[in-house]
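What follows is the residue order along each chain.
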Amino acid sequence: MCGIVGYIGMQAASDILLAGLQKLEYRGYDSAGIATVSGDRVRCVRAKGKLENLRQKLHGQDDPATIGIGHTRWATHGKPEERNAHPHLDRDAHVAVVQNGIVENYRELREELTAKGYEFLSDTDTETIPHLISDCLKSLKLESLQDKHAEHNEPSLFFAAVRQAVSRLEGAFAIAAICADFPNEMIVVRQQAPLVIGFGQGELFCASDTPAIVPHTRAVLNLENGEIGRLTPLGVEIYTFSGHRLAKMPRLLDWNPVAVEKHGFRHFMLKEIHEQPGVIRDCLAAYFDSHWTPETRVSPVTLGLEDALLEGVESVQVLACGTSWHASLVGKYLLEQLAELPTQVQYASEFRYSPAPMRSNTLTIGVTQSGETADTLAALDMERERRAEATVADRARLLGITNRPESSLGQLVPNIIDTHAGIEIGVAATKTFVAQVMAFYALAIDLGVRRGKLDVDRAMALIDGLRQVPNAIETILSSQEDRIEELAHDFSETSDFIFLGRGINFPIALEGALKLKEISYIHAEGYPAGEMKHGPIALLDARVPVVAIAMPGSVYDKVLSNAQEAKARDARLIGVVPDNDPNASELFDDVLAVPAIDEVLSPIVASIPLQLLSYYIAARRGLDVDQPRNLAKSVTVE
C-alpha cells in the first residue's frame, strides 16, 4: 500500500524523490519522508500527514546528495505519527530503509535485537530491518578484519548484509536501503510486493509503481519475488535471495507522463469519470472483431486467451476485493444469464481461509485493477497449489482481469484480460470499474457463443448495444453533470444514504454506496430493492435519502414498487431512470436521467450518475476526493 521511490545518479536526489512521491501518494498519505547519503551519515527528514508537510520541512534546505530513498505511508504497524514515518534508521544513522509490506516475524527480531542493545524509536515492523542490516554488516566487517584473506563472493559487504537480513524476514515486502559507508550503491528487494527499476541516462530509479518513473524514463525492469537488485553508477545487478546472479532485460513502457496529469479538472477522480467513454471505446476495439463472421472464427470476441482455458468449462469462481468484487457480481449475472455457467463470487480475503469445495472444470478468475492486491494474489496462488495434484478435470484454470498486465498477477496466472483503462490516480475506482465490467461482458459473450447458449444474433445485438454505451455516457455527462452538482448541495450535512437495485443492477447499488462512503465519509448501504422491507426499511425517515436504480427490464416495475415503500416512509427518493420515462417525475423527488438501454447493458450507464453524485457531495463537503482518509489505491498487505 505504501509508496517507495529511490534515485542514484548525478542530479540532486531530494527533488526527484519528492516528485516521485507526489506520483505515488495515492498509495498512502499518512506520513512521508526521504533519506539521502550526505557525508558520512544518512540525512533523514520525515513529516506526519500528506506530502505537502514534508515539502514544507524541506523548503529552503540545500541537499546536494545524489543518492536517496523516499516513502509515503499507509499505516499498518503504528499510528500515523512522525516517529513511525519512513525511512527508518539504524542507531548510528548509517543505514536507512523504506518498506512497503509487512514483516510478520518482526516481534521476534525486535526482541533479539533489543537484547543486543539496539534501541527502537517507533512502533513499526520496518524499524527492525535497518537494525538487522546494521547487525549483519557489523558481523561481516568483523569477519573481514579477523581474516583479511577471506574470500567474499558478494558484490559488496552492504549487499551481503542486506541479503543476510532479508533471509531472516518473513512476510510480504518490498525494500530499498542505502548506507553512508557505501555511498554509491542502493539495494532493493522484492518479496510479494511490487518494485520496479527504471533506467535513465547515467541514473537509476526504483519505485513501487511506474508513475514515479515515467517522467524520467520508459525503460523499466520489474523485480520478481525473491530477487535483490544492486544499483550503482555502473548499472544494475540482479540476484536471487540465495545469491545467484540473474540475466534480465528491461522493457519499454507504452504510456507517458501526460496520462497522469489532471488536464484542467479539479480532481483526478472527475477527470477519470470523463475518461470513461474513451476507455470503453478502447475495450470495444480490443475485445470485439468488427469484421467477424461465423465462417472465420467461432466467436466474435478477441480476448487472446488459450482455447484450452475455456473448453469444457462447467463452472466459474471469481476472487476479488472492494470495487473489483462489485464488478465481479455484474460478471456473475452475465456469465450465468448469457453463458449459463454457475458462478460464485468470493471475497479473496475470505476464500483464503474457507475455500469453496473443488469442482471439476472450474475457471478461476482473479480480478484486481492494480494486479497487486495481496489477498487476491494469495487466494489465486492457494487455488493453484491445492489443485496442483488434482485430476486433469480438477486442475486449475486461472485467468486474471487487471489494468496492469505487467503486474504480479501477470506473473502468477498464464492468461490475462487487459482492461485498457490506463493509469488511474484517484483512490476511488471509476474508469477501472467500468473497464472490468467490460471485460466480463466480453468473456460472458465469448463463453455463451462457444457453449452454444447464446445465439449469434443475440451476441451481435449485445455487442452493437455496447458500442452505444460511450455515447450514452457522454450524454449523461453533458446533460446531467450540472444538475447533479446542484443536487449535491442538498446533502452536505446528510449522515446516511440507502441505495437500491435489483438483478444486474444490485451490484451497482453496492458500488454507488461504496463510492459515497469512500470519498464523502457518509454512511451508505446498498441493498437488493426487494430486501428493503425485510429490515432496512426501519432506517428510513425524512433524513435518509434513498437512491433507486430503476432501469427498463424484467425488474423495472418491482423496483418502482420498492421505491414507493421508501417514499411512504418520508424518505427523499432519487431515481436513476431512463430519460424516456414519462412517469418518473411523479414518483421520484429527484431524477437522474440516463439514455434508455437494454437491461443487460444498463449497469455501466447506471453507474455514471452515482459516481458524479458521490464526487460532488464530497467536493461540496470540502474533502480530499482523490486521497480519502485511511485508504490507498493498491492494497498490497493482508
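Check the entry above for the structure.
To keep things clear, this report deals only with the structure shown in the data block. Keep in mind it's a predicted model, so treat the numbers as computed, not measured.

1. Some words on the overall build of the protein chain
Summing up its helical and strand segments, the protein chain has 19 helices and 25 strands in all. The C-alpha radius of gyration of the protein chain comes to 26 Å, within 12% of the 26 Å expected for a compact globule of 638 residues. In the protein chain, buried positions account for 59% of the 638 residues. The contacts of the protein chain with a sequence gap of at least 6 include a subset with a gap of at least 24, amounting to 72%. As presented, the protein chain carries roughly 24700 Å² of accessible surface, and 47% of it is formed by carbon and sulfur atoms. For the protein chain, the separation between the mean place of its 61 positive charges and that of its 86 negative charges on side chains is 3 Å.

2. A word on the sheet that holds strand E6 (residues 95-103)
In spatial order, the strands read E5-E6-E7-E8-E12-E13-E14; together these 7 strands make up an open sheet with antiparallel pairing. Single-partner strands in this sheet number two, and they are strand E5 (88-89) and strand E14 (245-246). In this sheet, strand E13 (residues 235-240) lies alongside strand E12 (residues 227-232) in antiparallel orientation, the contact comprising 6 bridges. Counted as the bridge partner of Arg230 is Glu237 from E13. Lying on the sheet, helix H5 (residues 157-167) is in contact with strand E7 (171-179), strand E8 (182-191), E12 and E13; it crosses E8 at an angle near 25°.

3. A look at the nonpolar core
Counting 98 residues, the largest nonpolar core has Ile365, Tyr441, Leu443, Ile445 and Phe497 as the members making the most contacts within it. In terms of residue count, the dominant contributor to this core is helix H13 (residues 431-450) (14 residues). For Ile365, the residues in contact, after removing those within four places along its chain, are Val316, Gln317, Val318, Leu319, Leu380, Leu399, Ile401, Phe440 and Leu443. Formed by 31 residues, the second largest nonpolar core is a distinct cluster that contains Tyr118, Leu140, Phe173 and Cys179.

4. A closer look at the packing of helix H16 (residues 506-520) against helix H19 (residues 602-620)
Their axes nearest at 9 Å, the elements H16 and H19 cross at an angle of 20°. Taken together, the axes of H16 and H19 are roughly parallel relative to one another. Once H16 is placed against H19, the crossing between them reads as right-handed. Contacts between H16 and H19 pair Ile508, Gly512, Lys515, Leu516, Ile519 and Ser520 from the former with Pro603, Ala606, Ser607, Leu610, Ser614, Tyr615, Ile617 and Ala618 from the latter. When grouped by side-chain class, the residues that make up the contact of H16 with H19 number 9 nonpolar, 4 polar and 1 charged.

5. Details of the packing of aromatic side chains
For the structure shown, the criterion picks out 8 aromatic pairs. Measuring from ring centre to ring centre gives 5.8 Å for Phe158 and Phe182, while their planes differ by 15°; the resulting arrangement is stacked. Residue Phe158 is located in helix H5, and its partner Phe182 is located in strand E8; the two are separated by 24 residues in the primary sequence. Each member of the pair, Phe158 as well as Phe182, carries the same accessibility label: buried. Taking 6.5 Å as the distance between ring centres and 80° as the angle between the ring planes, the aromatic pair formed by Tyr287 and Phe288 counts as edge-to-face. On the basis of relative accessibility, which here comes to 2%, the residue Tyr287 falls in the buried class. Three or more aromatic residues joined by ring pairs make a cluster, and in this case those are Phe491, Phe497 and Phe499.

6. Focus: the pairing of strand E21 (residues 496-501)
Burial analysis of E21 places 5 of its 6 residues in the buried class, which makes it a mostly covered element. Sheet analysis places E21 next to strand E22 (residues 523-528), joined by 6 bridges and oriented parallel. Looking at the pairing, Leu500 lines up with Tyr527 of E22. As for the winding sense of the linkage, the β-α-β connection from E21 through H16 to E22 is right-handed. Of the pairings in the sheet, the one linking E21 to strand E23 (residues 546-549) comprises 3 bridges and is parallel in character.

7. As for the side chain of Asn403
Within the element layout of this structure, Asn403 appears in the loop between strand E19 (397-402) and helix H12 (408-412). At a separation of 3.4 Å, a polar atom in the side chain of Asn403 contacts the side chain of Thr419. Side-chain polar atoms of Asn403 contact the backbone oxygen of Gly422, separated by 2.8 Å. Apart from the residues within four sequence positions on either side, Asn403 is in contact with Thr368, Gln369, Asp418, Thr419, His420, Ala421, Gly422, Ile423 and Thr432.

8. Quick word on a negative patch on the surface
On the surface, Glu104, Glu108, Glu111 and Glu170 cluster together to form a negatively charged patch. One can find Glu170 in the loop between H5 and E7. A relative accessible area of 47% means that Glu170 is categorised as partly exposed.

9. A short note on the pattern of salt bridges
All chains considered together, the criterion is met by 36 salt bridges. One salt bridge in this structure joins Lys57 and Glu82, with 3.3 Å as the shortest N-O distance. Here Lys57, found in helix H2 (residues 51-58), pairs with Glu82, found in the loop between strand E4 (67-73) and E5; they are 25 residues apart in sequence, far enough to count as distant. Glu275 is the salt-bridge partner of Lys271, the closest N and O atoms lying 2.8 Å from each other. Residue classification places Lys271 among the buried positions, given a relative accessible area of 3%. Residues participating in the shared-partner salt-bridge network are Arg483, Asp490, Arg572 and Asp590.

10. Describing empty space enclosed by the protein
In this structure the tally under the stated criterion is 3 cavities of 30 Å³ or more. Estimates place the volume of the largest cavity at around 210 Å³. Ser208, Asp209, Ser370, Glu372 and Arg404 are the residues nearest the centre of the largest cavity, which is lined by 20 residues in total. Residue composition of the lining of the largest cavity, grouped by class: 5 nonpolar, 7 polar and 8 charged.

11. Quick notes on the sheet that holds E23
The 5 strands lie next to each other as E22-E21-E23-E24-E25, forming an open sheet whose pairing is parallel. Each having just a single partner strand, E22 and strand E25 (590-594) make up the two edges of the open sheet. Here the average twist between neighbouring strands, direction ignored, is 20°. Direction of pairing for strand E24 (residues 573-578) relative to E25: parallel, over a ladder of 5 bridges. For Pro578, the partnering residue across the bridge sits in E25 and is Val594. Along the sheet, H16 contacts E21, E22 and E23; its crossing angle with E22, the most-contacted strand, is approximately 175°. Docked against the sheet, H19 engages E21, E23, E24 and E25, running at close to 160° with respect to E23.

12. Observations regarding H19
Residues spaced three or four apart along an α-helix point in a common direction, a consequence of the helix completing one turn every 3.6 residues. Relative to the 27 Å expected for 19 residues at 1.5 Å per residue, H19 spans 28 Å between its end C-alpha atoms, a close match to the ideal helical length. Counting buried positions along H19 gives 18 out of 19 residues, so the element sits mostly inside the fold. One or two residues past the end of H19 sits Gly622, with phi positive at roughly 75°.

Criteria and cut-off values
Residues numbered from 1 in each chain as written. Predicted model: local features only at pLDDT ≥ 70, side-chain atom pairs only at ≥ 80, totals over all residues. Heavy atoms only, no water. Helix = DSSP H or I, 4+ residues; strand = E, 2+ residues; numbered from the N terminus. Rg over C-alpha atoms; globule rule 2.2 N^0.38 Å. Buried < 20%, exposed > 50% of the residue type's maximum accessible area, 1.4 Å probe, protein only. Contact = heavy atoms within 4.5 Å. Areas by Shrake-Rupley, 256 points an atom, 1.4 Å probe, with all protein chains shown as cover. Lys, Arg positive; Asp, Glu negative; His and termini not counted. Charge placed at Lys NZ, Arg CZ, Asp CG, Glu CD. Pairing = 2+ DSSP bridges. Axes fitted to C-alpha atoms, helices over the stretch in contact; angles between N-to-C directions. Core = buried A, V, L, I, M, F, W, Y, C linked by side-chain atoms within 4.5 Å. Parallel < 35°, antiparallel > 145°, perpendicular 65-115°, else oblique. Left-handed = near helix turned anticlockwise from the far one by under 90°. Nonpolar A, V, L, I, M, F, W, Y, C, P; charged D, E, K, R; others polar. Phe/Tyr/Trp six-rings, centres within 6.5 Å; stacked < 30°, edge-to-face > 60°. Right-handed = clockwise from strand over helix to strand, strands pointing away. Polar contact = N/O pair within 3.5 Å; in protein donor to acceptor, adjacent residues only side chain to side chain. Patch = residues over 30% accessible without salt bridge, like charges linked within 9 Å, V, L, I, M, F, W, Y side chains within 5 Å. Salt bridge = Lys/Arg side-chain N within 4 Å of Asp/Glu carboxyl O. 1 Å grid on protein atoms, 1.4 Å probe; cavity = no way out; pocket = protein on both sides within 12 Å on 5 of 7 lines; lining within 4 Å. Points joined across faces, edges and corners; volume = space filled by probe spheres on them. Expected span 1.5 Å × (residues − 1).

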